[in-house]
There are 2 protein chains.
Amino acid sequence: MNAQKHTVTALVEDKPGVLNRIASLFRRRGFNIESIVVGHSEVPDLSRLTLVMGGDEAAVEQVTKQLYKLIDVVKVSDITSDDMVARELALVKVRAPSSARGEIIQLADIFRANIVDVAPEALILEVTGDEEKIGALLELLRPFGIVEVMRSGRVALARA
Amino acid sequence: MNAQKHTVTALVEDKPGVLNRIASLFRRRGFNIESIVVGHSEVPDLSRLTLVMGGDEAAVEQVTKQLYKLIDVVKVSDITSDDMVARELALVKVRAPSSARGEIIQLADIFRANIVDVAPEALILEVTGDEEKIGALLELLRPFGIVEVMRSGRVALARA
């Protein structure tokens, strides 16, 4: 599955509208963007983004070229073929009456998820990992009743 | 600082262009959006997003109304005044020659960060927490030499 996906990181100027310009560029061109994640970088006034897109090498080259044409973009790297660390953050609210709590906590332990909220009838788990790991945990939690899921999309860095 | 910020979550249809439409809405209206994070929700074909914005109650009401006008938006909630779980994911590549490695690993332990990559001259740490916690870790790592930071922006869920 990952073979068809490309992970691109970019350093961009942290101005209002940058995300919008990037998103509309991709929309206009019909690129198949699966996720865009943007956050503060190590440099003041620059944000770093991780973009996951479908398509072949040529599509990624096009995207890279187009990104460089946006003056607000400082650097673009396709790190797909590099060895990379790719993670996603998920918050999962799951139905958990006291009778089910033990089993859910056990699953959380196995997946190294943190219990970040406990209520009489529900728990919120925080988990990080690749998409497959998060998908596997969600599958195991589904029978208990998943109330809400908030996921971040993929963030990635090339290994040193 | 958080008093001036609002955290809004929304359930939106998972179609190409939704993020773009939301981003351009905000740009056009001049709303002060600090971050938007979008990921798969618990419902197939729906994404859930977390949006952090500046401004007063009236601005948030305007945003909520505008979001509902986008047909692709299913539900919008301002969870600022609710008790909420808010987290951010950061990957941090830090210079770590063997002489510094021990001290960095110690800091990682204190912040419950995971070491996700080890190279001769660098480590990659994965950490989750609120913006302040991540900022504090970055400050402590700065003297070692931060090579790259990739952050997700805030993801949030209302507590049960």
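Keep in mind that what you see is a predicted model, and the values were worked out from it rather than measured. (Residues numbered from 1 in each chain as written. Chains lettered and ligands numbered in written order. Predicted model: local features only at pLDDT ≥ 70, side-chain atom pairs only at ≥ 80, totals over all residues. Heavy atoms only, no water.)

(A) How the structure looks around the overall build of chain A. When helices and strands are counted, chain A shows 4 helices and 9 strands. With the C-alpha coordinates of chain A rotated into their principal frame, the extents come out at 55 × 35 × 35 Å. Here chain A holds 160 residues, and the buried ones make up 56% of them. Within chain A, residue pairs in contact and separated by at least 24 positions form 69% of the contacts whose partners lie at least 6 positions apart. (Helix = DSSP H or I, 4+ residues; strand = E, 2+ residues; numbered from the N terminus. Buried < 20%, exposed > 50% of the residue type's maximum accessible area, 1.4 Å probe, protein only. Contact = heavy atoms within 4.5 Å.)

(B) Focus on the relation of the copies chain B and chain A. Each copy of the sequence occupies a distinct position, and chain B is placed on chain A by a rotation of 180° and an axial shift of 0.0 Å, giving an RMSD of 0.0 Å. These values place the two chain copies in the arrangement generated by a two-fold rotation axis. The fraction of interface residues of chain B whose copies in chain A are also interface residues reaches 98%, indicating that both copies meet through the same surface. (Least-squares fit on C-alpha atoms with pLDDT ≥ 70 in both.)

(C) Layout of helix α2 (residues 57-69) of chain A. All names here are of chain A. Along its 13 residues, α2 runs 19 Å from first to last C-alpha, staying within 8% of the 18 Å computed at 1.5 Å per residue. The set of residues buried in α2 consists of Ala-59, Val-60, Val-63, Thr-64, Gln-66 and Leu-67. Angularly, the buried residues of α2 cover 165° about the axis, an arc narrow enough to put them on a single face. Facing away from the buried side of α2, by more than 90 degrees, are the exposed residues Glu-57, Glu-61 and Lys-69. (Expected span 1.5 Å × (residues − 1). Arc of directions from axis to C-beta.)

(D) Quick peek at the domain arrangement of chain A. All names here are of chain A. With domains assigned, chain A is organised as domain 1 (5-81) and domain 2 (85-158). Its C-alpha centre places domain 1 at a distance of 29 Å from the equivalent point of domain 2. Facing 8 residues of domain 1, the contacting portion of domain 2 comprises 7 residues. Where domain 1 abuts domain 2, roughly 600 Å² becomes buried across the two surfaces, and 63% of that area is made up of carbon and sulfur atoms. A per-residue breakdown of the area domain 1 buries against domain 2 is headed by Val-37, Thr-50 and Ile-79, which together make up 54% of the total. Remark: the boundary between domain 1 and domain 2 carries 2 residue pairs in polar contact (both at pLDDT 80 or more). Elements with a minimum of two residues in the side of domain 1 that touches domain 2: β1 (5-13), β2 (33-40) and β3 (46-54). A total of 3 residues in the side of domain 1 that touches domain 2 trace back to one element, the largest contributor, which is β3. (Domains from an automatic or database assignment. Buried area = accessible area lost by both parts, 1.4 Å probe. Polar contact = N/O pair within 3.5 Å; in protein donor to acceptor, adjacent residues only side chain to side chain.)

(E) The confidence of the model for chain A, seen in detail. Counting all residues, the mean pLDDT for chain A is 88, and 95% of those residues have values of 70 or more. Overall fold confidence (pTM) sits at 0.90, and the ipTM for the predicted complex is 0.90. (pLDDT = per-residue confidence, 0-100.)

(F) Looking closely at the side chain of B:Ser41. Looking at the element boundaries, B:Ser41 is found in the loop between β2 (33-40) and β3 (46-53). Note on B:Ser41: relative accessible area 11%, which makes it buried. Within the local environment of B:Ser41, its side chain forms a polar contact with the backbone nitrogen of B:Val43, the two atoms lying 3.0 Å apart. Of the polar contacts made by the side chain of B:Ser41, one reaches the backbone oxygen of B:Leu46; its length is 2.8 Å. Apart from residues no more than four positions distant in its own chain, B:Ser41 is found in contact with A:Val149, B:Leu11, B:Leu46, B:Ser47 and B:Arg48.

(G) Region of interest: a nonpolar patch on the surface. Residues and elements named next belong to chain A. On the surface, a nonpolar cluster with roughly 220 Å² of combined accessible area is contributed by Ile-105, Ile-115 and Val-118. With respect to the helices, strands and loops of the structure, Ile-105 is situated in helix α3 (residues 98-110). The class for Ile-105 is partly exposed, based on a relative accessible area of 34%. (Patch = residues over 30% accessible without salt bridge, like charges linked within 9 Å, V, L, I, M, F, W, Y side chains within 5 Å. Areas by Shrake-Rupley, 256 points an atom, 1.4 Å probe, with all protein chains shown as cover. Salt bridge = Lys/Arg side-chain N within 4 Å of Asp/Glu carboxyl O.)

(H) The arrangement of the pairing of strand β1 (residues 6-13) of chain B in detail. All names here are of chain B. For β1, the buried fraction is high: 7 of the 8 residues fall into the buried class. Bridge count for β1 against β3 is 8 bridges, and the pairing is antiparallel. Bridge pairing in β3 places Val-12 opposite Ser-47. Two elements, β1 and strand β4 (residues 73-78), share 5 bridges in a ladder whose sense is antiparallel. Across the sheet, residue Leu-11 finds its bridge partner in β4, namely Lys-75. (Pairing = 2+ DSSP bridges.)

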